[in-house]
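Take a look at the letters that make up each chain.
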Amino acid sequence: MMRTANISRILLAGTLLLALGCKKKDDATPPAPPTGGGGGGGSSCEAQWLPVVMCHGALASGDTWAGQAKRMVQNGYCTDRIFVHDRNTVGGSGHVALLDAFIDQVLAQTGAAQVELVGHSAGGGLGYDYLADAGRAAKVAHYVHIGSSAAAGPAGPGGNVPTLNIWSPDDAIASGGNINGAVNVQLPGQDHYQVATSAEAFAAMFAFFRGQAPATTDLVADGARTVAGRAVTFGENEPISGAPVLVFKTDPATGMRLSNEPAHSFTTSTTGHWGPFSAEANTWYEFEITPPGGRRIHYYREPFIASDRLVYLRTMPPPTSLAGILLSSLPTDDAQGVLTVFTASQAVEAGRDDLTANGTYLATPTFAPASNCTIAWFLYDANNNGQSEGTAAGLFGSFPFLSGVDLFFVPGGAAEVTLNGRTMRARNWPSASEGITVLVFD
């Protein structure tokens, strides 16, 4: 079960996001697999290996699995055998039926008889529910349960589906624990997201599927650096269709664009997919997305060292949703910029991590207690006084995974954010005419 102290806050989060990414137009987005994560396989990959289907947790999206997908490819999996299942975890229904239809589509597309299934957090609850039926369980060779509820036994009717249970005693969101009859891997010191995204979690997962250790758990550079992804709404994961996506190269010293002309441009498909393009080595990128009738968002990313087909660009949810109501508190004021920082693979914890934005230290017990598992930071001038107060902003601190801090960013200037020694810089866009700036630490 989820830790009792967090249940009400997670329910309160409701429809809120997790997380929290002209030249001649590139070729149209090709037909995509049901994930957006596939895209063909190289001659050295193992086409006979079973496809892997990965389910994210509450308030999350498929990019939870971006790092693990890259590690899988680097250890022999074909990219077109790796699938992520996006779903609305806060207002949707019929999740088991949707997952069943998704798996049937994967089996039809790949010609495989079974899949490997992975579920993180609430995705773990979905995994157990899905596998409770004998017909559905027959479609799954192995199941990996990560950072989720402890169970009485392995998944499947009578516990007949081989189950790997990965958990951490330091996970402040899900209580976890060993499962009798399952293969149990405990990862002390890792937070609720690290147990899904870490190299140690990948090593355990790969060995469970393949019966041997991976050749490497490092993220290894490849020559292709193929980049593609999906545009969805915060929280609900509704696909954004017909949105222009412009990709710019930026100066890492300032965060400013190197050219006013985009290096690549796309329009999202009906399923929200965009890309691909080949990223240049050691190059920093900005992704600008303008959803039809919605607020523009500028995403800043570190250089791509390997191909990444799970680059998600989240847009604002409808103002009628709880998430939309909360996020509508972000200023639309050209006298200031609005900055969001997303730490995609881990939380920021006071006493363990360091996070600084324009000289203000944020990894404090107030804004980054271990109990909050903070991964998304909303930084803006809440008092509208042109100064950085360093105090709580809005209601963000009332939700798990989130913090809001009163910081003033001069529009047109540069924002500098450092996480555990890694520094990113971005332009402070005026928030009324240009929207929101998001820095993503993978």
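First, a word on what this report is: a plain description of the structure on this page. (Residues numbered from 1 in each chain as written. Predicted model: local features only at pLDDT ≥ 70, side-chain atom pairs only at ≥ 80, totals over all residues. Heavy atoms only, no water.)

Some points on the overall build of the chain
How we decide: Labels follow the DSSP assignment, with helices taken as runs of H or I lasting at least four residues and strands as runs of E lasting at least two, numbered in each case from the N terminus. Just to be clear, the radius of gyration here is over C-alpha atoms, and the globule rule we use is 2.2 Å times residues to the power 0.38. Any residue under 20% of the maximum accessible area for its type is buried, any over 50% is exposed, and the rest in between are partly exposed; the area is computed with a 1.4 Å probe on protein chains only. Surface exposure here means Shrake-Rupley accessible area, sampled with a 1.4 Å probe, where a residue is shielded only by the protein chains that are shown. Under this rule, positive means Lys or Arg and negative means Asp or Glu; His and the chain ends count for nothing. In this description, the location of a charge corresponds to atom NZ of lysine, CZ of arginine, CG of aspartate or CD of glutamate.
A count of helices and strands for the chain gives 8 helices and 21 strands. Rg of the C-alpha trace for the chain: 21 Å, near the compact-globule value of 22 Å for 442 residues, within the 12% margin. C-alpha atoms of the chain, sized along the principal axes, occupy 60 × 50 × 40 Å. Of all 442 residues assigned to the chain, the portion counted as buried reaches 57%. Per element, the accessible surface of the chain, about 15,900 Å² overall, is 54% carbon and sulfur. Each charge class in the chain was averaged separately, 25 positive and 37 negative side chains, and the resulting centres sit 4 Å apart.

Observations concerning unusual backbone geometry
Cis geometry marks the peptide bond from glycine 275 to proline 276, where omega comes out at 5°. With respect to the helices, strands and loops of the structure, proline 276 is situated in strand β10 (residues 273–278). If you check the backbone angles, serine 121 has positive phi at about 55° while not being a glycine. Among the secondary structure elements, serine 121 is positioned in the loop between β3 (115–120) and α4 (122–131). Among the residues examined, serine 121 registers a relative accessible area of 5% and is labelled buried. Even without glycine at this site, asparagine 282 takes up a positive phi of about 55°. In this fold, asparagine 282 is placed in the loop between β10 and β11 (284–289).

Re the packing of aromatic side chains
Inclusion rule: Aromatic pairs are defined between Phe, Tyr and Trp rings, using the six-membered ring for Trp, whenever the two ring centres lie within 6.5 Å; interplanar angles under 30 degrees are classed as stacked, those over 60 as edge-to-face, and all others as tilted. Each ring is checked for a lysine NZ or an arginine CZ that lies within 6 Å of its centre and within 35 degrees of its normal; such an atom marks a charge sitting over the ring.
If you walk through the whole model with that rule in mind, you get 17 aromatic pairs. Judged by centre distance (5.8 Å) and plane angle (40°), the rings of phenylalanine 202 and phenylalanine 206 are tilted. Note that phenylalanine 202 and phenylalanine 206 are positioned in helix α7 (residues 199–210) at a spacing of 4 residues, about one turn of the helix. According to the relative accessible area criterion, phenylalanine 206 is buried, its value standing at 3%. On the numbers, 6.4 Å between centres and 80° between planes, the contact of tyrosine 380 with phenylalanine 396 is edge-to-face. Linking tyrosine 380 in strand β17 (residues 376–380) with phenylalanine 396 in the loop between β17 and β18 (402–406), this pair joins segments that are 16 residues apart in sequence. The two residues tyrosine 380 and phenylalanine 396 agree in class, both being buried. One aromatic cluster is present, built from ring pairs that chain together Phe266, Trp274, Phe277, Tyr285, Phe287 and Phe304. In this structure, arginine 257 is placed above the aromatic ring of phenylalanine 248, and the distance from its NZ or CZ to the ring centre is 3.6 Å. If you follow arginine 427 out to its NZ or CZ, it ends over the ring of tryptophan 429, 4.0 Å from the centre.

Examining the state of the cysteines
Worth spelling out the cut-off: In this description, a disulfide is simply a cysteine sulfur pair whose atoms lie within 2.5 Å.
Taken as a whole and judged by the stated rule, the model has 1 disulfide. There is a disulfide in this structure between cysteine 45 and cysteine 78, and the S-S distance comes to 2.0 Å. Disulfide cysteine 45-cysteine 78: torsion about the S-S bond near 90°, hence right-handed. Taken together, the residues span a long stretch of sequence, with cysteine 45 in the loop between α1 (4–13) and β1 (52–55) and cysteine 78 in the loop between α2 (66–74) and β2 (82–85) at a distance of 33 residues. Each member of the pair, cysteine 45 together with cysteine 78, is buried. Between cysteine 55, a cysteine without a disulfide, and cysteine 373, which holds the nearest cysteine sulfur, the sulfur-to-sulfur distance is 19 Å. Judged by its relative accessible area of 1%, cysteine 55 is buried. With relative accessibility at 2%, the residue cysteine 373 sits in the buried group.

Re the packing of α2 against α7
Under the convention used in this document: Helix axes are fitted to C-alpha atoms over the stretch in contact, other axes to C-alpha atoms as well, and angles between N-to-C directions run from 0 to 180 degrees. Just so you know how the angles are binned, under 35 degrees is roughly parallel, over 145 roughly antiparallel, 65 to 115 roughly perpendicular, and the rest oblique. Should the near helix be turned counterclockwise from the far one by less than a right angle, the crossing is left-handed, whereas a clockwise turn marks it as right-handed. Residues are treated as being in contact if the distance between any of their heavy atoms lies within 4.5 Å. Note on residue classes: Ala, Val, Leu, Ile, Met, Phe, Trp, Tyr, Cys and Pro are nonpolar, Asp, Glu, Lys and Arg are charged, and everything else, Gly too, is polar.
Relative to each other, α2 and α7 sit at 50°, their axes nearing to 10 Å. When the axis of α2 is compared with that of α7, the two are oblique. Crossing handedness for the pair α2 and α7: right-handed. Every residue of α7 that contacts α2 at Gln68, Arg71 and Met72 is listed here: Ala199, Ala201, Phe202 and Met205. Tallied by class, residues from the contact of α2 with α7 come to 5 nonpolar, 1 polar and 1 charged.

A look at the side chain of threonine 197
Here is the rule: For the purposes of these results, a polar contact is taken to be a pair of N or O atoms within 3.5 Å, where, inside protein, one atom must be able to donate a hydrogen and its partner to accept one; residues adjacent in sequence count only when each atom of the pair is a side-chain atom.
If you trace the backbone, threonine 197 turns up in helix α6 (residues 194–197). Within the local environment of threonine 197, its side chain forms a polar contact with the backbone oxygen of serine 345, the two atoms lying 2.7 Å apart. When residues no more than four places from it in sequence are discounted, the contact partners of threonine 197 are Thr64, Gln68, Arg71, Ala344 and Ser345.

Focus on the sheet that holds strand β15 (residues 355–357)
Here is the rule: We treat two strands as partners when DSSP finds at least two bridges between them.
Reading across the sheet, the 4 strands line up as β16-β15-β19-β20 and stay open at both edges, with antiparallel pairing between neighbours. The open sheet has two edge strands with one neighbour each: β16 (360–361) and β20 (422–427). In this sheet, β20 lies alongside strand β19 (residues 414–419) in antiparallel orientation, the contact comprising 6 bridges. Residue glutamate 416 lies in a different strand from β20, and its bridge partner there is arginine 425.

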